[in-house]
Amino acid sequence: MLDTASKAFFHTLARSRALKRLASRYGMRRPTSFARRFIAGETIQEAIEAARVVETRGMTETLDLLGESVTNLEEAEAATRAYLRVLETVTASGIGRNLSLKLTQLGLDVDKASAVDNLRKILERAEPAGFFVRIDMENSPYTDVTLEIFETLWQQGHRQIGVVLQSALYRSENDLRRVVALGARVRLVKGAYQEPKAVAYARKADVDAAYARMAKTLVLDGTSPAIATHDPKMIELTRTYAREHNIPADRFEFQMLFGVRRDLQSALVRDGYHVRVYIPFGREWFPYFMRRLGERPANVMFVIRSLLRESA
Ligand SMILES: Cc1cc2nc3c(=O)[nH]c(=O)nc-3n(C[C@H](O)[C@H](O)[C@H](O)COP(=O)(O)OP(=O)(O)OC[C@H]3O[C@@H](n4cnc5c(N)ncnc54)[C@H](O)[C@@H]3O)c2cc1C
């Protein structure tokens with residue numbers, strides 16, 4: 001699990017155009033196709049249907065219109081317009097108003113100022129409508145700039161935004177103290193990307209130990225903390241720590257990915273905890289899907305079985 005070699009292997013595969021073409025052809029075409037295990041569908045309607053199911057199970061959700069690493073401003077503007085349409089459709093549907101997005105989807109690789117403008121356009125519509133917007137954290141070359149953009153917007157008075165910190169990075173415990181001091185909302189994750197040893201722990205045990213320390217800080221001092229993990233040890237440790245410090249269950253939430261550990265999601269709801277499910281959707285699902293395979297190579301067997309069914 002979280003083994004560096006497997007992550008590296010899947011990150012390399014994620015760059016293969018041939019594999020992307022093949023996956024795009026088969027991954028979504030039937031209700032049972034393999035990509036649907038982790039992705040709600042290619043359309044906003046499918047994401048809304050998934051969100052309704054999540055809400056029926058007593059949980060909330062955040063919707064992520066998949067896309068990242070756009071290479072020109074036209075694509076970034078198209079992604080921005082697409083997010084504005086998502087805002088309207090979600091508002092009309094009556095489901096929870098909570099979105100996640102990535103800055104490279106809004107053009108960060110092309111021009112930082114344009115990416116910030118695009119984010120502002122989204123926030124100008126999202127905030128009056130009562131949406132919360134989480135800026136996902138991408139790989140380490142983007143950590144500084146993501147936090148800088150987040151903090152600038154925060155200083156300018158945007159309060160319905162939140163950020164993500166990854167326990168895999170050495171720097172994150174310092175970043176956590178800084179963001180918690182602002183009173184801003186943090187989602188704590190282990191980190192989905194293949195990172196160099198210069199910036200990140202190579203051993204899973206070290207990533208987990210940092211996660212445990214950060215989860216405690218966050219639950220004790222954070223504003224609406226989000227403990228985003230499927231790791232039963234991290235979840236149990238958070239529950240125990242909260243109990244010992246008389247922190248009520250409604251002061252924080254657990255977050256999990258669509259299609260991962262649904263049993264654990266339901267068990268937490270039964271025990272009185274808030275659970276939010278991250279629901280990704282859209283046509284650009286391939287890199288996200290490959291990260292999920294890299295986290296748990298056993299998922300590859302599931303893909304192979306499903307492909308064999310498709311071709312039968
Ligand atoms: C709501 C949410 C938002 C996230 N946002 C970001 C982000 O912005 N930036 C970022 O870098 N990362 C993000 N991640 C991903 C995160 O960094 C991890 O890569 C991912 O959650 C796996 O780590 P884990 O904490 O579940 O622990 P692990 O130790 O990796 O896994 C613990 C257990 O969870 C189960 N599990 C974990 N992953 C899978 C999977 N793919 N398929 C099936 N079972 C699995 C297995 O049972 C495994 O034993 C997010 C995760 C969540 C839940």
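Our subject is the structure listed above.
Conventions and cut-offs
- Numbers given to residues run from 1 along each chain, matching the order in which its sequence is written.
- Local features in this predicted model are restricted to residues of pLDDT 70 or higher, and side-chain atom pairs are both shown and tallied only at a pLDDT of 80 or more, whereas totals for entire chains, interfaces and linings draw on every residue.
- Where side-chain values are given, they derive from all heavy atoms of the structure, hydrogens and water being excluded.
- Note on definitions: salt bridges are taken to be side-chain nitrogens of Lys or Arg within 4 Å of carboxyl oxygens of Asp or Glu.
- Only DSSP runs of H or I reaching four residues or more are called helices, and only runs of E reaching two or more are called strands; each is numbered from the N terminus.
- Any two residues whose heavy atoms approach within 4.5 Å at even a single point are treated as in contact.
- In these notes, a set of buried Ala, Val, Leu, Ile, Met, Phe, Trp, Tyr and Cys residues joined through side-chain atoms within 4.5 Å is what counts as a nonpolar core.
- Type-normalised accessible area, obtained with a 1.4 Å probe on protein chains alone, sets the label of each residue: buried when under 20%, exposed when over 50%, and partly exposed for intermediate values.
- With axes taken as lines fitted to C-alpha atoms, and helix axes fitted only over the stretch in contact, angles between N-to-C directions fall between 0 and 180 degrees.
- For classification purposes, angles smaller than 35 degrees are called roughly parallel, those larger than 145 roughly antiparallel, those between 65 and 115 roughly perpendicular, and all remaining angles oblique.
- Whether a crossing is left-handed or right-handed is set by the direction in which the near helix is turned from the far one by less than a right angle, anticlockwise for left-handed and clockwise for right-handed.
- Just so you know the grouping, Ala, Val, Leu, Ile, Met, Phe, Trp, Tyr, Cys and Pro go in nonpolar, Asp, Glu, Lys and Arg go in charged, and all remaining residues, Gly too, go in polar.
- In protein, a polar contact means a hydrogen-donor-capable atom and an acceptor-capable atom, both N or O and within 3.5 Å, with residues adjacent in sequence counting only if both atoms are side-chain atoms; elsewhere, any N or O pair within 3.5 Å suffices.

Moving on: the pattern of salt bridges. Overall, the coordinates contain 21 salt bridges when judged by the stated rule. Among the ionic pairs, E46 bridges to R36, the shortest N-O distance being 3.0 Å. A residue pair is termed long-range when its members are at least 10 positions apart, and E46 in helix α3 (residues 44-56) and R36 in the loop between α2 (17-26) and α3 qualify at 10 residues. A salt bridge links R213 to E173; the nearest nitrogen and oxygen atoms lie 2.7 Å apart. Within this pair, whereas R213 is found in helix α8 (residues 204-221), its partner E173 is found in helix α7 (residues 172-182), the two being separated by 40 residues in sequence.

The topology assignment puts Y193 in the loop between β5 (185-189) and α8. Considered as a pair, Y193 and S140 are 53 residues apart in the sequence and their alpha carbons are 8.3 Å apart. Those residues in contact with Y193 that sit more than four places away from it in its chain are K7, H11, K102, M137, E138, N139, Q166 and R291.

In terms of nonpolar packing, the biggest core is built from 73 residues, with L63, L119 and I279 touching the most fellow members. The residues touching L119, leaving out its near neighbours within four places in the chain, are L101, L103, L106, I135, I149 and L153. Listed in part, the 18 residues of the second largest apolar core include M28, A35, W285 and F289.

Between α3 and helix α4 (residues 73-93), whose axes approach to 11 Å, the crossing angle comes to 40 degrees. Classified by the angle between their axes, α3 and α4 sit oblique to one another. Crossing hand, α3 versus α4: right-handed. Touching I44, Q45, I48 and R52 of α3 are V86, T89, V90 and S93, all from α4. Partitioned by chemical class, the residues of the contact of α3 with α4 number four nonpolar, three polar and one charged.

A few words now on the environment of Y142. By the element assignment, Y142 lies in the loop between β3 (132-135) and α6 (143-155). Since its relative accessible area comes to 16%, Y142 is described here as buried. Taking the C-alpha atoms as reference, Y142 lies 8.8 Å from T104; in sequence the two are 38 residues apart. The residues touching Y142, leaving out its near neighbours within four places in the chain, are T104, L108, D109 and M137. Of the polar contacts made by the side chain of Y142, one reaches the side chain of D109; its length is 2.5 Å.

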